[in-house]
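Coordinate analysis (summary)
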Amino acid sequence: MRRRKRIYFALMGTCLTLFVLSWGVIRFVSIPAAVAMSAVAMVIPPVAAIIANRRDPGERWFDE
């Protein structure tokens, strides 16, 4: 559980960083690069949610 939370927060931090850098810094250099970075940042949250909600093989989810 703790490992999943760490991975989730790392992915969401990466997403936020990509989004802020793309429109705060990179757009002055290259608009297509900023759009590409935003597209990558758009894909990360669903992947992070899937990873955060994944169950470990030995986890007893039915007892909750």
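Residues numbered from 1 in each chain as written. Predicted model: local features only at pLDDT ≥ 70, side-chain atom pairs only at ≥ 80, totals over all residues. Heavy atoms only, no water.

Tracing the backbone shows Leu16 in helix 1 (residues 2-24). Since its relative accessible area comes to 56%, Leu16 is described here as exposed. Put simply, Leu16 and Val40 are 24 residues apart on the chain and 11 Å apart in space, counted from C-alpha to C-alpha. (Helix = DSSP H or I, 4+ residues; strand = E, 2+ residues; numbered from the N terminus. Buried < 20%, exposed > 50% of the residue type's maximum accessible area, 1.4 Å probe, protein only.)

Here the focus is a nonpolar patch on the surface. A contiguous nonpolar surface patch, about 570 Å² in accessible area, is contributed by Leu16, Phe19, Val20, Trp23, Ile31 and Val35. When contributions to the nonpolar patch are tallied by element, the ones reaching two or more residues are helix 1 and helix 2 (31-52). Sorting elements by how many residues they give to the nonpolar patch places helix 1 first, with four residues. Within the secondary structure, Ile31 is located in helix 2. The partly exposed category is assigned to Ile31, whose relative accessible area is 45%. (Patch = residues over 30% accessible without salt bridge, like charges linked within 9 Å, V, L, I, M, F, W, Y side chains within 5 Å. Areas by Shrake-Rupley, 256 points an atom, 1.4 Å probe, with all protein chains shown as cover. Salt bridge = Lys/Arg side-chain N within 4 Å of Asp/Glu carboxyl O.)

This part covers the packing of helix 1 against helix 2. Between helix 1 and helix 2, the least distance of the axes is 9 Å, while the angle of their chain directions is 165°. Relative to helix 2, the element helix 1 is oriented roughly antiparallel. The hand of the helix 1/helix 2 crossing is left-handed. Within the contact between the two elements, helix 1 uses Arg4, Ile7, Tyr8, Leu11, Met12, Thr14, Cys15, Leu18, Phe19, Leu21, Ser22 and Trp23 and helix 2 uses Ala34, Val35, Met37, Ser38, Val40, Ala41, Ile44, Pro45, Ala48, Ala49, Ile51 and Ala52. Classifying every residue of the contact of helix 1 with helix 2 gives 20 nonpolar, three polar and one charged. (Axes fitted to C-alpha atoms, helices over the stretch in contact; angles between N-to-C directions. Parallel < 35°, antiparallel > 145°, perpendicular 65-115°, else oblique. Left-handed = near helix turned anticlockwise from the far one by under 90°. Contact = heavy atoms within 4.5 Å. Nonpolar A, V, L, I, M, F, W, Y, C, P; charged D, E, K, R; others polar.)

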